Amino acid sequence: MSDALKQTVQEAFNEPGCATNRAKPAEARKKGCARPLTPGAAAGGCAFDGAMITLQPIVDVAHLVHAPLACGGNSWDNRGSASSGPMLYKTGFTTDLTELDIVMGKGEKKLYAAIREIVQNHAPPAIFVYATCVTAMIGDDIAAVCKAATEAFGTPAIPVDVPGYAGSKNLGCKLAGEMMYRHVIGTVEPERTTECDINIIGDYNLNGELWQIKPLLDRLGIRILGSLSADARYRQVAMMHRARVTMLVCSHALIGLARKMEETWGIPFFEGSFYGISDTSQALRTMCRMLVERGAPADLIDRCEALIAEEEAGARAALAPYRPRVEGRRVLLYTGGHKSWSVVSALQELGIEVVGTSVRKATEADKARVVQIMGDETHMYENMAPKDMYATLKAAKADILMSGARSQFVALKARTPWIDVNQEKHEPYAGYMGMVDLVRAIDRSVNNPVWEEVRRPAPWEAARPATGLRLAATSQDPAPGPVNDPKDFEDC
Amino acid sequence: MARLTRPRRALSTNPLKSSAPLGAAMAYLGIEGAVPLFHGAQGCTAFAMVHMVRHFKEAIPLQTTAMNEVSTILGGAEQIEEAIANIRKRAHPRFIGIASTALTETRGEDVPGELREILARRRDFGDLKVVYASTPDFEGALEDGWAAAVTAIVDALVPEADPAARPEPTQRQVNVLPSANVTPAEIEEIDHLIRAFGLTPIFLPDLSTALDGHLAEDWSGRSLGGTRLDAIPAMARSAATFAIGESMQGAARLLGARGGMPVQVFPALTGLRAVDGFVQALMALAGTADAPEAIRRDRARLQDAMLDAHFQIGGLRYAIAADPDLAYALSSALAGLGAEAVAVITSSGANPIVELIPAEEAVLGDLGDLEAGARKGCARLLISHAHGRHAAQALGLPLVRAGFPINDRLGAQDICRVGYRGTRAFLFEIANAVLSHPHDAARPEDFGAAPIEPEFEHDRPQTAPH
Ligand code: SF4
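Note that this is a predicted model, so its numbers are computed, not measured.

Student: Would you take a moment to explain the interface of chain A and chain B for this structure?
Tutor: It is common to report an interface's size as the accessible area lost on association of the parts. On the chain B side, the residues contacting the 54 residues of chain A number 46 residues. Regarding the contact of chain A and chain B, the summed buried area is about 4300 Å², with carbon and sulfur atoms giving 55% of it. The interface formed by chain A and chain B holds seven salt bridges in total. In this structure, Glu-452 of chain A and Arg-273 of chain B form a salt bridge, with 3.5 Å as the shortest nitrogen-oxygen distance. Summed over the shared surface of chain A and chain B, the number is 19 residue pairs in polar contact (both at pLDDT 80 or more). If you list the elements that add at least two residues to the side of chain A that touches chain B, you get helix H7 (107-122), helix H11 (209-220), strand E6 (223-228), helix H12 (234-238), helix H20 (408-413), helix H21 (431-446) and helix H22 (450-455) of chain A. Of the residues that constitute the side of chain A that touches chain B, the class distribution is 25 nonpolar, 13 polar and 16 charged.

Written as structure tokens, this is what we have:
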């Protein structure tokens, strides 16, 4: 690791905005929250992956991966963040370095030429250049190449110097925010500003979740000025310094960025979530209060309350018909862990029993909330090995697993309904109506006749007692292999 | 469970149905050395032939008695005799299957009687089996004509077994009567299942050797394969008769009675439950409590496929138009994964299986009803034969082709949706049709969100990658 990078990483971990971090003694704090990766047992994404996750939803930017094929080639176009317009972000650009390029030291030249080709062919507002392990190791100075290219072609080329080996996906998310702070934010001035301009950080508009929220903001006259990076345009990132308030959505990784923006431009931030009815209301309330504190008209608060009352009533009415269909079902919740309690309380409102929840990335305060809601610490899991999860599901201690895609097959192989609540999911579940969609998805899943079908004994088993859940003799518990490694955080 | 409704109206818009004589001709083509013969006017035959040529991409030896105005009025016996004589000379068939048409049925001839008389008189026809089925176009659809033809074949060619003089039944031999919607590839799959249990099937008819699409060594004006003629009387000695499809119930009962053997009707072989039932019957017949490893594995793979596909199929609203047996087979398999048939259109009221289709109602209608029902029910996928493509286009929905005709795609004979393996392929087919449809991608407008401010947009044009 170059010294500059080491320095950046060190700083990223020294995060006063992070409650977990503050609670640690000084020595431990320096080590940061990155646990050392265990050879043979780690399968999470790398820092480069994390940087990509954070920045790729900037939809009009060309994202150029400076690497041999694997880094970009194996990862492009695999996430569900949606765009309302430009589609350039879905194009996979890579310098595709060959052995010869590497041996002959032609990496920088090739990168420069690649940037030129992108400018000529696609004319994007900016090009983000991602470093990766190999290019970092051979010492390609992407910052210098970007600088030269920016001057030569007149289109900003932004170095995202976050090679994979720097650390985990989570670290990559942090560093991506840092890169934006250094190179992009504050470089464009908006033509106009309003008293109700906000930034949203940490939302990726997966399958359009941002758009489930946006109408609420539209109605309150709140404008999303800056975004990192849901459905964002490059100019929106560049103008973030002019917003009045920043909302940090379910993300600890980007808290450093939010804090730095507060320090530099005096933009206060709050953490909130759009999952669940009460959380959505809470987020809107906080947002309006803070905007008013910064000079927005005071009636914003009343209008916000009226909107909340109307929307909550609407959502509750829409949920009512599902109640009898999902009531009494037992859910095992296994998510990235942020604000688990918000989903837990939302599900409980519908008479769904939450038999356990992960608190992998939750703060102490979040954990306390879980205890408060669920009444017992025994239902909280830090990590749950796939084998244990499988056993829990098999023993029918839960009828639904709600998790990220990695645990999907644990549930399916245990013939248990599974609902995707992380990044790869195909339906947006944000806001009031998103909650209705989520419950509809739960209903559709648990009440699907397929479960009864796949649990039916085979004709050659029919003579033996039909236990329903019993597996054919040949199948075994899935090995706790890399794909199912629960230590891999599923989002940033 | 579907209630059958018959819309009262004069007009059929984009018909779903193919005619009964065509079904009969198709069944006859599954007999070795056959030439099907329409008793009717030339045009009916030409249309039916072109229809089948386009579906199977094969030359179809379909002949006609070429009734004209005079012969229609005077009676067609002479035309039939002449047609048989000519076909014999030209194509040297071993089997001629006659199907009546609307024209001759409207006139009302006693064809069976006249045929008996002809065959008795014409000794030179002795090397030939001739079968006649009454299949007026105005009654029933493709599957009804097919069933009528198979019933006629059984009636004419399978002798009544004398219970006293009856030899020991061949215990490992089983008769299988597939309905019209069973494709050549599906017959192969059923054959594979049956043989896996050490049993030997006789299919009647057998399109898997006739219309499977193979390049023959020689030009022949007859069917290219099919059930061997000497195997047909031998069916009386089988251990059991299986009908695949409710429409084959009648033919199967007749065959069962001829041979004094048990009969079992399998309304469908698509879907885990349906195939399990079939396998259970095979196990009982074979006297085993076990199944070969390959079959166990196929079942486990189907279960896995069901789990993978239920994300797309669960809650999927779709509309289907097909002959009753096919509509039942596909819709019951999809219902097993939680799909919802918002419109079911079917072609024939003769088949009681319609009542078991998992939908509120089944309309005896046309593709116009398919389009209207799909629109009204907010369907996201259509299933029908190739002509459903117009409805699919009008609605902007994916179409999964099933039934007859499929004239705008190749390989209709290779479609296999039965057995554990075929069901797996079918579920993937449906799930992929859903996945491949861009319909799904959310737009800000879907949620009522205002568009993004123009100020944020980059002012220079970009090339869109898609
Ligand atoms: S770990 Fe390094 S080489 Fe591997 S994908 Fe990440 S950046 Fe690329």
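Picking up where we left off.
Student: Got a minute to help me understand the site of the ligand in this structure?
Tutor: The full set of residues close to the ligand is Cys-46, Phe-48, Cys-71, Thr-132, Cys-133 and Gly-164 of chain A. Considered class by class, the residues forming the shell around the ligand number four nonpolar, two polar and no charged.

Student: Teacher, can you tell me more about a nonpolar patch on the surface here?
Tutor: Residues and elements named next belong to chain A. A grouping of Leu-100, Val-103 and Met-104 is seen on the molecular surface, where their side chains present a nonpolar patch of about 340 Å² in accessible area. Of note, Leu-100 is situated in helix H6 (residues 99-103). A residue is classified by how much of its surface remains accessible, and Leu-100, at 56% relative accessible area, is exposed.

Student: Before we go on, may I ask you to explain the packing of helix H8 (residues 184-196) of chain B against helix H11 (residues 272-286) of chain B in this structure?
Tutor: Residue and element names in this part refer to chain B. Orientation of H8 relative to H11, taken along the N-to-C sense of each, is 40 degrees, at an axis distance of 9 Å. The orientation of H8 with respect to H11, classified from their angle, is oblique. By crossing handedness, the relation of H8 to H11 is classed as right-handed. Contacts from Ile-190, Leu-193 and Ile-194 in H8 reach Val-275, Phe-278, Val-279 and Leu-282 in H11. A per-class count over the contact of H8 with H11 returns seven nonpolar, no polar and no charged.

Student: Quick question: what am I supposed to make of the sheet that holds strand E2 (residues 34-39) of chain B here?
Tutor: Residues and elements named next belong to chain B. Strand order in the open sheet formed by four strands is E3-E2-E4-E5, and the pairing between neighbours is parallel. The open sheet is flanked by strand E3 (63-64) and strand E5 (129-133), the only strands paired with a single partner. Sheet topology places E2 next to E3; two bridges connect them, and they run parallel. Paired with Leu-37 across the bridge in E3 is Gln-63. Here helix H1 (residues 20-28) sits on the sheet and contacts E2, strand E4 (95-100) and E5; the angle it forms with E4, its principal contact strand, is near 170 degrees. Across the sheet, helix H4 (residues 77-91) touches E2, E3, E4 and E5, and the angle it forms with E2 is around 155 degrees.

Student: It is not clear to me how the environment of Met-137 of chain A should be interpreted in this structure. Could you clarify?
Tutor: Checked against the element boundaries, Met-137 of chain A lands in helix H8 (residues 133-137). The sequence separation of Met-137 of chain A and Ala-113 of chain A amounts to 24 residues, and the corresponding C-alpha distance is 20 Å.

Student: Would you mind showing me how to read unusual backbone geometry here?
Tutor: As a rule of thumb, non-glycine residues mostly have phi less than zero, and peptide bonds are mostly trans rather than cis. At the junction of Leu-204 of chain B and Pro-205 of chain B, the peptide bond is cis and its omega measures out at -10 degrees in the coordinates. If you trace the backbone, Pro-205 of chain B turns up in the loop between strand E7 (200-203) and helix H9 (231-234). In this structure, Pro-405 of chain B follows Phe-404 of chain B across a cis peptide bond, with omega equal to 0 degrees. By the element assignment, Pro-405 of chain B lies in the loop between strand E14 (399-401) and helix H16 (419-435). A positive phi is found at Asn-207 of chain A, a non-glycine position, where the angle reads about 50 degrees. When you line up the elements, Asn-207 of chain A lands in the loop between strand E5 (197-201) and H11. The phi torsion at Asp-231 of chain A lies on the positive side, around 50 degrees, for a residue other than glycine.

Student: How should the confidence of the model for chain A be read in this particular structure?
Tutor: Interpretation of the predicted coordinates at a detailed level should be avoided for regions scoring low in pLDDT. Per-residue pLDDT for chain A has a mean of 83; in total, 83% of the residues score no lower than 70. Under a pLDDT of 50 for its full length, residues 464-492 of chain A has, in the predicted model, 69 contacts with residues more than four places off or in other chains.

Student: What is the right way to read the environment of Phe-456 of chain B from this model?
Tutor: With respect to the helices and strands, the residue Phe-456 of chain B is situated in the segment after H16. For Phe-456 of chain B, a relative accessible area of 1% translates into the label buried. If we skip the residues at most four places from it in the chain, Phe-456 of chain B touches Arg-223, Ile-224, Leu-225, Arg-233, Arg-235, Gln-236 and Met-239 of chain A.

Criteria and thresholds
- Residues numbered from 1 in each chain as written.
- Chains lettered and ligands numbered in written order.
- Predicted model: local features only at pLDDT ≥ 70, side-chain atom pairs only at ≥ 80, totals over all residues.
- Heavy atoms only, no water.
- Contact = heavy atoms within 4.5 Å.
- Buried area = accessible area lost by both parts, 1.4 Å probe.
- Salt bridge = Lys/Arg side-chain N within 4 Å of Asp/Glu carboxyl O.
- Polar contact = N/O pair within 3.5 Å; in protein donor to acceptor, adjacent residues only side chain to side chain.
- Helix = DSSP H or I, 4+ residues; strand = E, 2+ residues; numbered from the N terminus.
- Nonpolar A, V, L, I, M, F, W, Y, C, P; charged D, E, K, R; others polar.
- Near = heavy atom within 4 Å.
- Patch = residues over 30% accessible without salt bridge, like charges linked within 9 Å, V, L, I, M, F, W, Y side chains within 5 Å.
- Areas by Shrake-Rupley, 256 points an atom, 1.4 Å probe, with all protein chains shown as cover.
- Buried < 20%, exposed > 50% of the residue type's maximum accessible area, 1.4 Å probe, protein only.
- Axes fitted to C-alpha atoms, helices over the stretch in contact; angles between N-to-C directions.
- Parallel < 35°, antiparallel > 145°, perpendicular 65-115°, else oblique.
- Left-handed = near helix turned anticlockwise from the far one by under 90°.
- Pairing = 2+ DSSP bridges.
- pLDDT = per-residue confidence, 0-100.

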